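Structural description and commentary
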Amino acid sequence: MEAEKKLSDFGLEIVRQIRALDQFGNWAKIGDEELLIKKYVKTKEELKLVPLIADIDEMMINDIKMIYKAVALSFERKTGVVCNVIMEMSHEGFGRCAVIADRICIVNKYFKDAHRFSYRTLDALFEDGDKTLSSAIEIYEQYKPCIQQG
């Protein structure tokens, strides 16, 4: 797994999450980058084929939630603080995902048209995940004194 050495903490964790859900080994022969591209990267041409108004399927909801689970687990590895990922999504693709550590909401993301959720490049996925992770750590550090007082 030479490609794993190049990935950030978030990148490694999202690959682990996807591989952990592969009960029957369907993705065993697919490389990490190719697997992430299949799940999360869509070109403009591919997005044009997705209708503007459509219901979101459970697989897409789980794929989106997996990104925030990867952020939460990366946060746990860095800080030692256990997180919960909470996601509520309507069948129309409107919803919210929150990551909570102790009593602090470290990630709060609102979705609209989630059935069209994707990234243009794999690097954009990694940048977004790394940015979300570093922001979560900053928020936790900022509000950690409030937990200790309560």
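Refer to the structure presented above.
Here goes a summary of the coordinates provided. This is a predicted model, so every value here is computed, not measured.

Scanning the chain for helices and strands turns up five helices and three strands. For the chain, the N- to C-terminal ordering of α and β elements is α-α-α-α-β-β-β-α. Relative to the compact-globule value of 15 Å for 150 residues, the chain shows a C-alpha radius of gyration of 16 Å, a close match. Its C-alpha atoms give the chain principal-axis dimensions of about 50 × 40 × 25 Å. The buried share of the chain, taken over its 150 residues, is 41%. Contacts in the chain between residues at least 24 apart in sequence constitute 58% of all its contacts with a sequence separation of at least 6. Summed over all atoms, the accessible surface of the chain reaches about 9300 Å², with 52% contributed by carbon and sulfur. Distance between charge centres in the chain, computed from 22 positive and 25 negative side chains, equals 1 Å.

Below, the discussion takes up the environment of Glu58. Inspection of the secondary structure assignment puts Glu58 in helix 4 (residues 58–79). A relative accessible area of 55% means that Glu58 is categorised as exposed.

On to the packing of aromatic side chains, then. A complete count under the given rule lists four aromatic pairs for this structure. Members of the aromatic cluster, joined through ring pairs, are Tyr68, Phe111, Phe117 and Tyr119. The positively charged end of Lys109 is found above the aromatic ring belonging to Phe111, 5.8 Å away from the centroid.

On to the state of the cysteines. As enumerated under the stated definition, the model contains zero disulfides in all. In this structure Cys105 is not part of a disulfide, and its nearest cysteine sulfur, from Cys97, lies 9.1 Å away.

This part is about the packing of helix 1 (residues 9–20) against helix 2 (residues 32–40). The geometry of helix 1 relative to helix 2 is characterised by a closest axis approach of 11 Å and an angle of 80° between their N-to-C directions. Relative to helix 2, helix 1 is oriented roughly perpendicular. Along the contact surface, helix 1 presents Ile14, Val15, Ile18 and Arg19, while helix 2 presents Asp32, Leu35, Leu36, Lys39 and Tyr40. A class-by-class count of the residues in the contact of helix 1 with helix 2 yields six nonpolar, no polar and three charged.

This part is about the sheet that holds strand 3 (residues 104–111). With antiparallel pairing, three strands are arranged side by side in an open sheet as 1-2-3. In this open sheet, the two strands that pair with only one neighbour each are strand 1 (83–89) and strand 3. With direction set aside, neighbouring strand axes in the sheet form an average angle of 10°. Strand direction decides the pairing type here: strand 1 and strand 2 (residues 95–101), joined by seven bridges, are antiparallel. Paired with Glu88 across the two strands is Arg96, which belongs to strand 2.

Criteria and thresholds
- Residues numbered from 1 in each chain as written.
- Predicted model: local features only at pLDDT ≥ 70, side-chain atom pairs only at ≥ 80, totals over all residues.
- Heavy atoms only, no water.
- Helix = DSSP H or I, 4+ residues; strand = E, 2+ residues; numbered from the N terminus.
- Rg over C-alpha atoms; globule rule 2.2 N^0.38 Å.
- Buried < 20%, exposed > 50% of the residue type's maximum accessible area, 1.4 Å probe, protein only.
- Contact = heavy atoms within 4.5 Å.
- Areas by Shrake-Rupley, 256 points an atom, 1.4 Å probe, with all protein chains shown as cover.
- Lys, Arg positive; Asp, Glu negative; His and termini not counted.
- Charge placed at Lys NZ, Arg CZ, Asp CG, Glu CD.
- Phe/Tyr/Trp six-rings, centres within 6.5 Å; stacked < 30°, edge-to-face > 60°.
- Lys NZ or Arg CZ within 6 Å of the ring centre and 35° of its normal.
- Disulfide = S-S within 2.5 Å.
- Axes fitted to C-alpha atoms, helices over the stretch in contact; angles between N-to-C directions.
- Parallel < 35°, antiparallel > 145°, perpendicular 65-115°, else oblique.
- Nonpolar A, V, L, I, M, F, W, Y, C, P; charged D, E, K, R; others polar.
- Pairing = 2+ DSSP bridges.

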